[in-house]
There are 2 protein chains.
Amino acid sequence: MKYSAAIDLGGTNIGIGIVSEEGELVFKTSVPVEDNKNPEALLTQMAEGTKKCIEDCGIEKENIVFVGVGVPGLIEGPKGPVILAANINWHNVDAVSFLEEKIGLPVYLGNDADCAAIGEYHSGSGKQFKSLIMITLGTGIGGGAVANGKLFPGFNGFGGEYGHIPLVHNGVQCACGRKGCFEVYGSANALKRETREAAEQHPESLIWEMCEGDLDNIGGRTAFDAADQGDETGKAVVEQYIDYLADGISGIINMFRPEVIVLGGGVSNQGASLLDPLNEKVEKLCVASDTITAPKVVKATLGNSAGIIGAGLLGF
Amino acid sequence: MKYSAAIDLGGTNIGIGIVSEEGELVFKTSVPVEDNKNPEALLTQMAEGTKKCIEDCGIEKENIVFVGVGVPGLIEGPKGPVILAANINWHNVDAVSFLEEKIGLPVYLGNDADCAAIGEYHSGSGKQFKSLIMITLGTGIGGGAVANGKLFPGFNGFGGEYGHIPLVHNGVQCACGRKGCFEVYGSANALKRETREAAEQHPESLIWEMCEGDLDNIGGRTAFDAADQGDETGKAVVEQYIDYLADGISGIINMFRPEVIVLGGGVSNQGASLLDPLNEKVEKLCVASDTITAPKVVKATLGNSAGIIGAGLLGF
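Residues numbered from 1 in each chain as written. Chains lettered and ligands numbered in written order. Predicted model: local features only at pLDDT ≥ 70, side-chain atom pairs only at ≥ 80, totals over all residues. Heavy atoms only, no water.

**Topic: the overall build of chain A**
The cut-off we apply is this: Helix numbers and strand numbers start at the N terminus; a helix is a DSSP run of H or I with at least 4 residues, a strand a run of E with at least 2. For the radius of gyration, the atoms used are the C-alpha atoms, and the globule rule reads 2.2 Å times the number of residues raised to 0.38. Accessibility here uses a 1.4 Å probe with only protein chains present; expressed as a share of the type maximum, an area under 20% marks a residue as buried, one over 50% as exposed, and anything in between as partly exposed. Any pair of residues with heavy atoms lying within 4.5 Å of one another is described as a contacting pair. The Shrake-Rupley method, run with a 1.4 Å probe sphere, supplies the accessible areas, and residue values consider only the shown protein chains as cover.
Secondary structure summary: chain A contains ten helices and 13 strands in total. Against the globule reference of 20 Å for 316 residues, chain A gives a C-alpha radius of gyration of 20 Å, in line with a compact fold. In terms of overall dimensions, chain A has a C-alpha envelope of 60 × 50 × 35 Å along the principal axes. Residues classed as buried in chain A amount to 58% of the 316 residues present. Restricting to contacts in chain A with at least 6 residues of sequence separation, those with at least 24 account for 61%. Carbon and sulfur atoms make up 46% of the accessible area of chain A, which amounts to about 12,800 Å² in all.

And the structure:
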């Protein structure tokens, strides 16, 4: 059996693991980022952490055949350069040459959201499907598509920005420069904002009790928890949020028709209270819904490991 | 040189032509549809029209090697069946078997918008590019994508519904069942509706003169013509329309990143007064616009011939 070393690069933490060619994560460790403003320092930490991981993992060195790296940014291709990764201050960084020299193995890069999609496709919720789009609801909306075993990064690279399609023309300002993107209505951050705004308008809502009178305590679960207890404000926020999600996701389906949509991020842990009404709406909103069955929206199953598993499959 | 017979099937007219393997339309004729409610009658007309076209075109019969058909509907694959083509009352019609038996040549089907995209890719505005998305602004918004010489119909067929992504959440009702689709703000019909509504609110507008006091005379050019003459209402309609187009098109670019967007339909004939401000807006609305150059939006050049040329290339 062949293995890879895999890096899931974040702004505060470097996840490192060993992944088998069958997509199993057999060893996992992590290193806190010391200085996310200094690209060379971060690359050095990545190289040293990877070498230590290879030493410690108990797998024979000659069976570890490459290093895969999931990067939170725009990449020219699997050999780089990383054109832009704002959270770690990378601008046109040739990560591959640096890491290959320090580690002594071939290095392949992937976008982190793309890596998560590859992970779920091979080892998670996408296992029995030929194509999927993974949509991760977090600070923003990340996404990746895999079809017939291959990543679909758009026709020309740089595609797959599923969070940055219109949803509310001239709506809330998005960090990308646009207004009213899917991301500013469908992300976990958007859900928190909508929950806060609804609480401000409804002093009688249970949400106030749940956040102990401090709106900064509102999380992605607060509205769902309030709704579960029968709170009308919570119910309205949840219904509106699912409405936004259904509009965006069905639009993505109308263009790509993957066999399944895999939902990641903390919000997806709401399970049936999110997925049942969401699927009901998505089904109605897909083109020709009375003639062609719409793909189901399901929960991602690998959690944080999806990205590291996907990175570890980049070179197989 | 090999040739194909190609059919561009519409609800009122059957365009038939002979296309060379190099994508040149060398002969063209058309037959008015006698009964668009009767699938077998229409198929018979198609078969007879094609046989007559092959007789009349002056090309040796043995050099015409297949028949390509662009169908305004949902198709299971190049050999059919046609699942749904509402305008011609087709539901699960096995057009290939019928036509192959009557004509005696292999038959390949394609969606009509996909055929137009193939035509522009090989012989029109897409010639020097490796990938394109063609967006046709008509009654609705049709679209097709071609990358590296191959049609991209979505991962699982039935994709490419570029008109049916969200644009205005809970906006104007769309024929597809959704609300606020790109199509109901970006199509030629949408432009006419917005022009009519603006004229109703602005009795002083030149639009009234141009439509001779009858709002039913408003066409896709009316607002552009009024704007050209300095009419404020016309200018506002045009600016708003271009705003909608830019929002939708940049969203599509963010997902697919084709090398070029080709705009078809009558509205695209506005030329620079549409394309210059549109490109300026699209450029700003694409993700990472300060780092990656956005693809240009250009006018389709083949007009009605795009669909027939694309159909004629389905089997080469």
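**Section: the interface of chain B and chain A**
Where we set the bar: Put simply, buried area is the surface a 1.4 Å probe can reach on two separate parts but cannot reach once they are joined, added for both. Within this document, salt bridges are pairs made up of a side-chain nitrogen of Lys or Arg and a carboxyl oxygen of Asp or Glu, the two lying within 4 Å of each other.
Facing the 44 residues of chain B at the interface are 44 residues of chain A. In total, chain B and chain A occlude about 3,800 Å² of area from one another, counting both sides; carbon and sulfur atoms represent 66% of this. Sorting the residues of chain B by area buried against chain A places B:Phe155, B:His169 and B:Met255 first, and these three jointly supply 22% of that buried surface. Where chain B touches chain A, the interface holds two salt bridges. Close ionic contact of B:Asp247 with A:Arg178 constitutes a salt bridge, the shortest N to O distance being 2.9 Å. Looking at the side of chain B that touches chain A, the elements with two or more residues in it are β6 (82-85), β9 (131-137), β10 (141-147) and α8 (232-256) of chain B.

**Thoughts on the nonpolar core**
Using the following cut-off: By convention a nonpolar core is built from buried Ala, Val, Leu, Ile, Met, Phe, Trp, Tyr and Cys residues, the set being connected through side-chain atoms within 4.5 Å.
Counting residues in each nonpolar core, the largest one holds 90 residues, and the members touching the most others are A:Ile249, A:Phe256, A:Leu278, B:Ile249, B:Phe256 and B:Leu278. Beyond its immediate chain neighbours, meaning those up to four positions away, B:Ile249 contacts B:Phe182, B:Ile261, B:Leu263, B:Leu278, B:Val282 and B:Val297. Grouped together as the second largest cluster of nonpolar side chains are 35 residues, A:Tyr3, A:Cys53, A:Phe98 and A:Val107 included.

**Describing the packing of helix α3 (residues 112-123) of chain A against helix α10 (residues 305-312) of chain A**
Residue and element names in this part refer to chain A. As a reminder of what qualifies: With axes taken as lines fitted to C-alpha atoms, and helix axes fitted only over the stretch in contact, angles between N-to-C directions fall between 0 and 180 degrees. To sort the angles, those under 35 degrees are grouped as roughly parallel, those over 145 as roughly antiparallel, those from 65 to 115 as roughly perpendicular, and the leftovers as oblique.
The contact between α3 and α10 brings their axes to 6 Å, and the two run at 85 degrees. It follows that α3 is roughly perpendicular to α10 by the angle criterion. Contacts between α3 and α10 involve Cys115, Ala116, Ile118, Gly119, Glu120 and Ser123 from the former and Ala306, Gly307, Ile309, Gly310 and Ala311 from the latter.

**Concerning the relation of the copies chain B and chain A**
Going by this rule: The fit set for superposing copies consists of C-alpha atoms from residues with pLDDT of at least 70 in both; the fit itself is least squares.
Overlaying chain B on chain A yields an RMSD of 0.1 Å, the required transformation being a rotation through 180 degrees with an accompanying axial translation of 0.0 Å. In symmetry terms, the pair is related by a two-fold rotation axis.

**As for the environment of B:Val65**
Residues and elements named next belong to chain B. Summarising the element assignment, Val65 is placed in strand β4 (residues 64-71). Residues Val65 and Ala117, spaced 52 residues apart in sequence, show a C-alpha to C-alpha distance of 22 Å. Sequence-distant contacts of Val65, defined by excluding residues within four places in its chain, comprise Lys2, Tyr3, Leu105, Pro106 and Phe316.

**Topic: the sheet that holds strand β3 (residues 25-32) of chain B**
All names here are of chain B. Put simply, the rule reads: Pairing between two strands requires that DSSP report at least two bridges joining them.
One open sheet accounts for five strands, arranged β3-β2-β1-β4-β8; its pairing is mixed. Each end of this open sheet is capped by a strand with a single partner; those strands are β3 and β8 (107-111). For this sheet, the mean angle separating the axes of adjacent strands, direction not counted, is 20 degrees. With seven bridges connecting them, strand β1 (residues 3-9) and strand β2 (residues 13-20) associate as antiparallel partners. The partner of Ser4 across the bridge, within β2, is Val19. Sitting on the sheet, helix α2 (residues 95-103) is in contact with β4 and β8, with an inclination near 140 degrees to β8.

**Thoughts on the sheet that holds strand β5 (residues 74-75) of chain B**
Residues and elements named next belong to chain B. Strands sit in the order β5-β6-β7 across an open sheet of three strands; the sheet is antiparallel. Looking at which strands have only one partner, the edges of the open sheet turn out to be β5 and β7 (90-93). Pairing between β6 and β7: three bridges, direction antiparallel. Across the sheet, Leu84 pairs through a bridge with His91, a residue of β7.

**Topic: the domain arrangement of chain A**
All names here are of chain A. Note the threshold: Where each domain starts and ends comes from a domain assignment, either automatic or drawn from a database. In protein, a polar contact means a hydrogen-donor-capable atom and an acceptor-capable atom, both N or O and within 3.5 Å, with residues adjacent in sequence counting only if both atoms are side-chain atoms; elsewhere, any N or O pair within 3.5 Å suffices. Residues are grouped as follows: Ala, Val, Leu, Ile, Met, Phe, Trp, Tyr, Cys and Pro are nonpolar; Asp, Glu, Lys and Arg are charged; every other residue, Gly included, is polar.
As far as domains go, chain A holds domain 1 (3-119 + 305-312) and domain 2 (128-299). Of the residues lining the interface, nine residues belong to domain 1; the matching set on domain 2 comes to ten residues. Interface of domain 1 and domain 2: buried area, both sides summed, is about 720 Å²; carbon and sulfur atoms make up 76% of it. The interface formed by domain 1 and domain 2 contains zero residue pairs in polar contact (both at pLDDT 80 or more). Where the side of domain 1 that touches domain 2 is concerned, the elements lending two or more residues are β5 (74-75) and α3. Per-element accounting of the side of domain 1 that touches domain 2 gives the leading share, five residues, to α3. Residues that form the side of domain 1 that touches domain 2 fall into these classes: seven nonpolar, no polar and two charged.

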